[in-house]
Amino acid sequence: MFDFCTDPDAIEGMTWLACYLTTGKHMAFYTSFGTVLLLLAITAPIALLFGFFGAVAARSQIAPLRWLGKGYTAMVRGVPDIAFFLFVPIAMDQGFEWLRHKTKCPDWEFPVRQGSDFVVCDIAKLPQSSSAQWVHEAYGFTLAVLAFAVVFGAFAANVLYGAMNAVPRGQVETAEAYGMSRQQTFWRIVVPQMWVYALPGLSNLWQILIKATPLLFLLGVEDIVYWARELGGSKTSTYAYPHPDWRLYYFTALLVFYLTLTSLSERFFSGMTTRLSRGQATMGGDAQRKAEA
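Residues numbered from 1 in each chain as written. Predicted model: local features only at pLDDT ≥ 70, side-chain atom pairs only at ≥ 80, totals over all residues. Heavy atoms only, no water.

Caption draft 1: The arrangement of the packing of aromatic side chains in detail. Using the criterion set out here, one finds 13 aromatic pairs in the structure. Taking 5.8 Å as the distance between ring centres and 70° as the angle between the ring planes, the aromatic pair formed by F29 and Y250 counts as edge-to-face. Here Y250 lies in helix α9 (residues 247-277) and F29 lies in helix α2 (residues 24-58), a separation of 221 residues in the sequence. A single burial state applies to F29 and to Y250, both of which are buried. Where Y226 meets W227, the ring centres are 5.0 Å apart and the plane angle is 80°; that geometry is what we call edge-to-face. By relative accessible area, which is 21% here, Y226 ends up partly exposed. (Phe/Tyr/Trp six-rings, centres within 6.5 Å; stacked < 30°, edge-to-face > 60°. Helix = DSSP H or I, 4+ residues; strand = E, 2+ residues; numbered from the N terminus. Buried < 20%, exposed > 50% of the residue type's maximum accessible area, 1.4 Å probe, protein only.)

Caption draft 2: Main features of the side chain of S60. Structurally, the position occupied by S60 is in the loop between α2 and α3 (63-77). Judged by relative accessible area, S60 falls into the buried class, the value being 14%. A polar side-chain atom of S60 sits 3.0 Å from the main-chain amide nitrogen of I62. (Polar contact = N/O pair within 3.5 Å; in protein donor to acceptor, adjacent residues only side chain to side chain.)

Caption draft 3: Looking closely at the nonpolar core. Core analysis: the largest hydrophobic core is formed by 57 residues, its most contacted members being F29, F148, F152, M194 and I224. Broken down by secondary-structure element, the contributors of at least two residues to this core are α1 (13-20), α2, α3, α4 (81-104), α5 (133-166), α7 (182-212), α8 (224-232) and α9. For M194, the residues in contact, after removing those within four places along its chain, are F52, L160, A163, M164 and V167. Within the second largest apolar cluster, six residues are counted, among which are V112, V120, C121 and A124. (Core = buried A, V, L, I, M, F, W, Y, C linked by side-chain atoms within 4.5 Å. Contact = heavy atoms within 4.5 Å.)

Here you go:
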């Protein structure tokens, strides 16, 4: 059966557009939207976990642990995000390869650092050159997730630290008066109530995380920004569906995507705030009690 899409001279109008929008590169472009959503779905809980432990460490009575928690938040928050996004994946990649190098090549006689080059034995490299393409892509994506989690975990730690301190002192003292230990008070009183105070900061942090996902492009991941630039540029090859510079249209599609995502996020967090404020001694809780009276 004759395929119109294989003959650029035989297609025109809507048929040309349909063929153009179903090319392999466009399929990769559509898939990259899922890559962004997957990054958000994985990074958010990991960053929140980093933030929680960072906040707990910053409140610790053990001085070295407290210094570690406060140092983590201060160091990451004090360095430009883009510097961390470029540094952390490289540092982690070389760290993983160095550990594998020490384990798999103990008889290696040459220095790992050779000027500006980082050289390890072939079997220590990650990923292996013989690995499938999806392995290379998954490895790069994993490094990107860790980089995002480290950076946004520090901001989450600062938000949670403030939320823990915002829990009314009277409730903590009441728990202590009932004979609860410090650990019981923390897990039964502070942690359940801190979320209503943390939610505004966490919602802002989530929106910032969404806006930071285009930095995947800088980490070598073929995300929506990469494909929008690639597909939107003018084409010259006869068999590559030549067209003028259409980057405006592609980036407009990205604009709609991000605005939709942030709008849905705002509705979600608004509902969560209303739910968590119920019965709490906060402005939101007082407003709900007055409305129900």
